[in-house]
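Next come the chains, spelled out residue by residue.
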Amino acid sequence: MFETSSIIVGLEVGTSKVCAVVGDLSDDGALNIVGLGQARSRGVRKGEIADPSVAEEDVRQAIVEAEQMADVEIRSVYLGVTGGHLRGFNNRGVHPVVSADREISEEDVQDVIKNAKTINLPAENHVVHAIRQHFLVDGQDGITNPVGMLGARVEVDVHVFHGNLNRLQNAIRTAKGLQLEVDDIVFNGLASSLALLTNEQKELGSLVIDIGGGTTEYVVYANGIIKHMGVLAVGGDHVSNDLAYGLKVPLSRAEQLKLEHGTASVDEGVKGQTVTISNDLGLPFKIINLEHLRRIMALRLEEIFQLIGQDLEQAGVLDYIRAGAFLCGGGSRIPQVARLAEQILQVQVSVGQTNSISGLKSALDQPEFATGIGLVKFGSFQQRKRVGKGSLAAGLKTTIGQIFKRS
Amino acid sequence: MEQNSPTQKAIKPLQNSLLIKVFGVGNAGISVMEWMIRNGISGAEFAAVNTETRSVAESSAAKKLHLETKLLRELGTGGDPEIGQALAEEHLPELRAACEGAGMVFIVAGLGGGAGTGISPVLARAAKEAGALALAFVTTPFACEGGRRQRLAQHGLEALKAAADGVVCLPNQKVFKLIDENTSVLETFKITGGMLAEAMCGVWRLLAQPGLIEIHFADLSALIRERHSESFFAVAEAMGPTRSRDVVDKLLAHPMLDDGQVLTESDALLVSLTGGPDLTMAEVNRVMERLNRHCEHAQAIMGAAIDESFRDRLTVTLIAARKVLERPEAEGKMASSQEDLDTQLLTRMTVGRRGSRFVPPPPSLPQDKMEQLLARQGTGSGRGRRGASKLKQTQLPLEIVAKGRFDKSEPTILRGEDLDVPTYLRRGVALN
């Protein structure tokens with residue numbers, strides 16, 4: 001009965017694929033990936049569910065595959081969410097220290113966090129994450145834990161990430177429709193960054209860009225905290241669509257051309273080169289100009305990075321990125337994409353690796369799985385917190401509570 | 001500007017009590033006007049103009065102008081704008097007299113029929129002769145009403161553009177975006193009529209209502225003069241504490257504005273805010289800030305008015321106008337030949353999307369080259385023109401493909417750009 005609680009499942013319902021990752025959290029706190037299931041996604045556009053019944057079918061397939069591989073029964077998942085409606089901003093909470101000796105207590109810290117989290121948002125918006133950043137004591141910045149310090153006023157910054165409740169519910173309902181409990185919803189970009197970045201990189205300042213099928217997520221860390229997060233509802237699908245339109249080929253063919261001949265930049269050598277594509281019978285069907293193909297692709301990718309760059313500049317976080325940018329998601333497989341990003345963002349860019357996790361190494365070290373692994377990692381943090389905090393009685397209570405909830 | 005100086009002189013002393021006359025022309029026009037009368041627009045004078053006896057007689061307008069000759073036998077024009085026009089020319093002095101004393105004349109008509117199409121241009125001319133600024137608010141017919149009516153409407157629109165100071169045109173076809181399967185015919189016409197009336201009320205409020213930020217009549221005339229090519233309008237209303245945010249969201253999502261794309265392309269913008277006495281400056285600021293972000297290059301005039309009955313409500317009326325670069329004024333006036341109509345028809349329908357394909361090229365042309373091209377276009381033979389219209393015709397289906405797989409999903413709009421449209425099209429990169 002108690003073993004099941006150490007199984008953590010991350011479920012990402014993406015635009016191009018549904019991916020379920022099963023992690024096993026051992027008693028000493030080590031996380032091990034034991035299962036992986038994936039299915040082609042058909043019911044999702046731009047990261048949001050467009051056809052619930054088809055999406056449900058795909059999710060089921062991925063879950064079943066993961067269950068078989070890990071030999072466990074999946075009851076609850078950490079669900080990844082994304083979509084163009086998600087937005088983030090920073091909010092500051094203030095709290096005066098009233099105790100006679102001016103020592104900041106645990107309660108003061110709780111209060112200031114509570115203040116920072118009270119945000120005036122429209123009723124239809126739901127806060128996905130409210131991530132604590134640094135504390136300020138009497139204006140002194142960069143304090144991670146002010147308990148025990150002396151001061152008159154304590155402040156804290158919180159990065160609030162919110163989205164439209166109904167649209168978030170769509171993804172949750174798909175999972176619930178399969179009798180899966182949703183432990184928590186997690187922003188896909190945040191999950192990817194957890195999978196890719198080491199503590200050192202977070203401390204130094206890094207940018208993670210997850211170029212998915214329908215959306216591109218980005219997260220900026222600096223000084224060990226999340227500075228900024230965002231989503232752009234443009235991804236690999238758009239590249240394929242542009243190619244289909246520009247080269248006048250069917251979408252499936254465009255997808256294939258993208259994978260086989262696509263690069264992120266146009267070099268001079270490609271001028272005049274062509275690719276012949278054949279029809280089902282193996283006869284030549286159409287001649288495609290390779291330069292056009294790459295130009296269309298390069299322009300789209302360029303635009304994605306430019307838009308991200310603009311947003312980061314607006315948020316004033318571009319200068320914090322000292323460890324460089326890390327790419328993941330299917331889009332990071334495009335040849336020369338890192339170089340293109342480097343030119344535009346003016347930081348060092350590389351394709352990220354999902355390190356700091358053990359198990360199924362070869363299968364997992366692929367940029368597409370960063371989000372799924374990150375979800376499991378997020379889950380393991382939550383689990384550890386829960387175990388660490390609660391007493392035995394409380395733990396028992398929640399476990400029993402969960403049993404009732406499931407049945 | 002010089003020609004309208006007498007108008008301004010006449011207006012200035014009575015800035016607050018500027019007299020507006022509303023003319024409902026033809027059956028459609030009269031019914032929209034009736035709508036306005038019923039909804040209690042006070043301070044304007046209404047007049048019904050038609051060739052049919054019945055609709056004029058039934059109208060509740062203060063002034064009734066019945067254009068009549070014996071030839072018609074009280075039956076109307078029978079859908080022939082030439083008869084309408086001839087009648088109007090005949091009664092020109094009468095029309096001019098009716099416009100006398102007004103600072104501004106609103107002409108409401110449904111184009112495509114006989115009366116509205118024929119009379120409105122003449123009326124606009126009469127209004128201008130009488131020293132008033134003529135603003136026309138017209139609808140063009142649904143596509144299902146047949147090609148003839150469409151052509152006539154287009155014809156009338158051209159004539160009206162040449163005659164009036166400003167034309168706000170609502171293609172009925174666009175209303176399909178606003179209605180659902182179950183909307184009845186009656187309701188649909190009510191919606192189009194309502195929208196026209198709303199646009200008129202917006203302009204009227206802008207000028208006549210006591211304002212937080214008043215708009216000068218001269219500003220308005222300077223803005224709309226010479227820009228009567230493409231106007232779009234949208235009205236949005238919101239209530240509650242977050243109204244200033246909601247109202248802009250609604251505006252940007254408005255089907256008439258093609259999700260804010262129109263705003264990016266427009267170069268003149270008129271915004272009229274109406275709120276209750278509780279309207280705050282911060283709210284006005286918030287609305288304008290967001291709208292301005294969408295159209296940085298546009299010349300915007302803004303007015304904020306207070307209406308006692310608008311407690312807790314905020315209405316924003318927005319009229320966006322765009323100068324057509326490819327076809328300057330001189331040609332616009334003579335662009336009434338038959339060949340040109342077809343191209344006009346097509347460009348009008350695709351107007352919202354044209355940005356993706358057509359906006360980038362024009363500025364890159366040097367002035368002399370442009371003139372040369374335009375001259376060639378203007379004097380071109382009939383064959384040349386037909387060729388051009390064919391070329392545009394093929395673009396209609398292609399425009400639809402541009403969004404391909406994202407056709408049905410919610411568009412990704414960032415700073416007024418539709419990111420679902422291929423980047424190379426938006427940036428105007430040519431693939432040869």
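Starting from 1, residues in each chain are numbered consecutively following that chain's sequence as written. Here chains are named by letter from A upward and ligands by number from 1 upward, in the order in which they appear as written. Totals for whole chains, interfaces and linings use every residue, but because this is a predicted model, local features are given only for residues with pLDDT of at least 70 and side-chain atom pairs only at 80 or more, for both listing and counting.

Let's talk about the overall build of chain A
- Labels follow the DSSP assignment, with helices taken as runs of H or I lasting at least four residues and strands as runs of E lasting at least two, numbered in each case from the N terminus. On a plain count of helices and strands, chain A comes out with 12 helices and 18 strands.
- Expressed as a percentage of the 407 residues in chain A, the buried residues total 46%.
- Contact definition: two residues whose C-beta atoms, as placed from backbone geometry, lie within 7 Å. For chain A, restricting intrachain contacts to residue pairs at least 6 apart in sequence, the fraction spanning at least 24 positions comes to 69%. Residue burial here comes from a neighbour count, namely the number of other C-beta atoms, placed from the backbone, that lie within 10 Å of the residue's own C-beta, with 20 or more meaning buried, 12 or fewer meaning exposed, and in between meaning partly exposed.

As for the overall build of chain B
- Of the regular secondary structure elements, chain B holds 19 helices and 13 strands.
- Across the 432 residues of chain B, 46% fall into the buried class.
- Expressed as a percentage of contacts within chain B between residues at least 6 apart in sequence, the contacts between residues at least 24 apart total 79%.

Topic: the pairing of strand β9 (residues 268–275) of chain B
Residue and element names in this part refer to chain B.
- In terms of burial, β9 is a largely internal element, eight of the eight residues being buried.
- Of the two faces of β9, both are covered, the one formed by A268, L270, S272 and T274 as well as the one formed by L269, V271, L273 and G275.
- Should DSSP find at least two bridges between two strands, the strands are taken to pair. Relative to strand β10 (residues 299–306), β9 is paired through eight bridges, and the arrangement is parallel. Among the inter-strand pairings, A268 is bridged to a residue of β10, identified as Q299.
- Whether a crossover is right-handed comes down to one check: with the strands pointing away from the viewer, does the path from the first strand over the helix to the second run clockwise; if it does, it is right-handed. Following the chain from β9 across helix α12 (residues 281–294) to the adjacent parallel β10, one finds a crossover that is right-handed.

A look at the nonpolar core
- Any set of buried Ala, Val, Leu, Ile, Met, Phe, Trp, Tyr and Cys residues joined through C-beta atoms within 7 Å is what this text calls a nonpolar core. Counting 109 residues, the largest nonpolar core has A:V9 and A:V21 as the members making the most contacts within it.
- Here this core gets 12 residues from one element, more than from any other, and that element is helix α8 (residues 290–315) of chain A.
- Residues in contact with A:V21, not counting those within four places in the same chain, are A:V9, A:G10, A:I33, A:L36, A:F369, A:G372, A:I373, A:L375 and A:V376.
- Formed by 100 residues, the second largest nonpolar core is a distinct cluster that contains B:M36, B:C169, B:L196 and B:M256.

Observations concerning the sheet that holds strand β6 (residues 76–81) of chain A
Residues and elements named next belong to chain A.
- Taken in spatial order, the five strands of this open sheet run β3-β2-β1-β6-β11, and their pairing is mixed. Each edge of the open sheet is held by one strand with a lone partner, namely β3 (31–40) and β11 (181–187). Each adjacent strand pair in this sheet contributes to an overall mean axis angle of 20°, direction not counted.
- Lying over the sheet, helix α1 (residues 52–70) contacts β1 (7–13), β2 (17–25) and β3, oriented at roughly 145° with respect to β3.
- Contacting β1, β6 and β11, helix α3 (residues 165–177) crosses the sheet at an angle of about 150° to β6. Simply put, an axis is a line fit to the C-alpha atoms, just over the touching stretch for a helix, and the angle between two N-to-C directions goes from 0 to 180 degrees.

A few points about the sheet that holds strand β5 (residues 133–140) of chain B
Residues and elements named next belong to chain B.
- With parallel pairing, the six strands of this open sheet are ordered in space as β3-β2-β1-β4-β5-β6. Every interior strand has two partners, whereas the edge strands, β3 (63–66) and β6 (166–171), have only one. Looking at each pair of strands side by side, their axes are set apart by 15° on average, direction ignored.
- Direction of pairing for strand β2 (residues 44–50) relative to β3: parallel, over a ladder of four bridges. Across the sheet, residue V49 finds its bridge partner in β3, namely L65.
- Of the strands in this sheet, β1 (20–25), β2, β4 (104–110) and β5 are in contact with helix α2 (residues 26–38), which crosses β4 at around 120°.
- Seen against the sheet, helix α5 (residues 92–99) touches β1, β2, β3 and β4 and runs at an angle of roughly 165° to β3.

Considerations on the interface of chain B and chain A
- Facing the 17 residues of chain B at the interface are 22 residues of chain A.
- Each residue receives one of three labels: charged for Asp, Glu, Lys and Arg, nonpolar for Ala, Val, Leu, Ile, Met, Phe, Trp, Tyr, Cys and Pro, and polar for the others, Gly being one of them. Among the residues forming the side of chain B that touches chain A, the class breakdown is nine nonpolar, five polar and three charged.

Overview of helix α7 (residues 147–163) of chain B
- Compared with an ideal rise of 1.5 Å per residue, which puts 17 residues at 24 Å, α7(B) spans 24 Å between its outermost C-alpha atoms and is within 8% of the ideal.
- α7(B) sits mainly inside the fold: 13 of its 17 residues count as buried. The length a helix should cover is 1.5 Å for every residue beyond the first.

Remarks on the pairing of β5(B)
All names here are of chain B.
- For β5, the buried fraction is high: eight of the eight residues fall into the buried class.
- By the alternation rule, side chains of β5 split into L133, L135, F137 and T139 and A134, A136, V138 and T140, which are all buried.
- What joins β4 to β5 is helix α6 (residues 115–129), and the crossover it makes is right-handed.
- In terms of strand pairing, β5 meets β6 through six bridges, oriented parallel. Bridge pairing in β6 links F137 to V168.
- Following the chain from β5 across α7 to the adjacent parallel β6, one finds a crossover that is right-handed.

As for helix α4 (residues 81–90) of chain B
- Listed in full, the buried residues belonging to α4(B) are B:P81, B:I83, B:G84, B:Q85, B:L87 and B:A88.
- Summarising the contacts, the buried residues of α4(B) are in contact with α5, α6 and α7 of chain B.

Side note on the confidence of the model for chain A
- For every residue, the predictor reports its confidence as pLDDT, a number between 0 and 100. The share of residues in chain A with pLDDT of 70 or more is 92%, and the mean pLDDT across the chain is 88.
- Model confidence for chain A, summarised as mean pLDDT per element, is weakest for helix α12 (residues 392–406) of chain A at 59 and strongest for strand β12 (residues 206–211) of chain A at 96.

Here we look at the packing of α6(B) against α7(B)
Residue and element names in this part refer to chain B.
- One way to put it is that α6 packs onto α7 with a least axis distance of 8 Å and a crossing angle of 0°. With respect to α7, the element α6 is oriented roughly parallel. Of α7, the residues touching α6 (which contributes T117, S120, P121, A124 and R125) are L152, A153, G156, A159, L160 and A163.
- Per-class residue counts for the contact of α6 with α7 are seven nonpolar, three polar and one charged. Roughly parallel here means an angle under 35 degrees, roughly antiparallel means over 145, roughly perpendicular means 65 to 115, and every remaining angle is called oblique.

Observations regarding the packing of helix α10 (residues 243–252) of chain B against α12(B)
Residues and elements named next belong to chain B.
- Direction vectors running N to C along α10 and α12 enclose 25°, while the axes themselves pass 9 Å from each other. Judged by the inter-axis angle, α10 sits roughly parallel to α12. Once α10 is placed against α12, the crossing between them reads as right-handed. Touching S244, R245, V247 and V248 of α10 are E283, R286, V287, R290 and L291, all from α12.
- Across the contact of α10 with α12, the residue classes break down as four nonpolar, one polar and four charged. Take the far helix as your reference; a near helix turned counterclockwise from it by less than a right angle gives a left-handed crossing, and one turned clockwise gives a right-handed crossing.

A word on the environment of A:N279
- For A:N279, the position within the fold is in the loop between β15 (274–278) and β16 (284–289).
- Along the chain, A:N279 and A:R253 lie 26 residues apart, while their C-alpha atoms are 10.0 Å from each other.

Focus: the confidence of the model for chain B
Residues and elements named next belong to chain B.
- The pLDDT averaged across chain B works out to 70; a share of 67% of its residues lies at or above 70.
- Below a pLDDT of 50 lies the segment residues 1–16, which in the model reaches 10 contacts outside its immediate sequence neighbourhood of four places, other chains included.
- Taken together, the stretch residues 378–399 has pLDDT below 50 and engages in 19 contacts with residues farther than four places along the chain or on a different chain.
- Predicted complex metrics record ipTM = 0.80 and pTM = 0.55.

Observations regarding unusual backbone geometry
All names here are of chain A.
- Although it is not a glycine, K46 sits at a positive phi angle of roughly 50°.
- Although it is not a glycine, Q346 sits at a positive phi angle of roughly 60°.
- Relative to the helices and strands, Q346 resides in the loop between α9 (337–345) and β18 (349–351).

Some points on the environment of B:P277
Residue and element names in this part refer to chain B.
- You can see P277 is positioned in the loop between β9 and α12.
- Taking the number of C-beta atoms within 10 Å as the measure of exposure, P277 has 9 and is therefore exposed.
- Here the alpha-carbon distance between P277 and D307, two residues 30 residues apart in the chain, equals 6.9 Å.
- Setting aside its immediate chain neighbours within four residues, P277 contacts I306 and E308.

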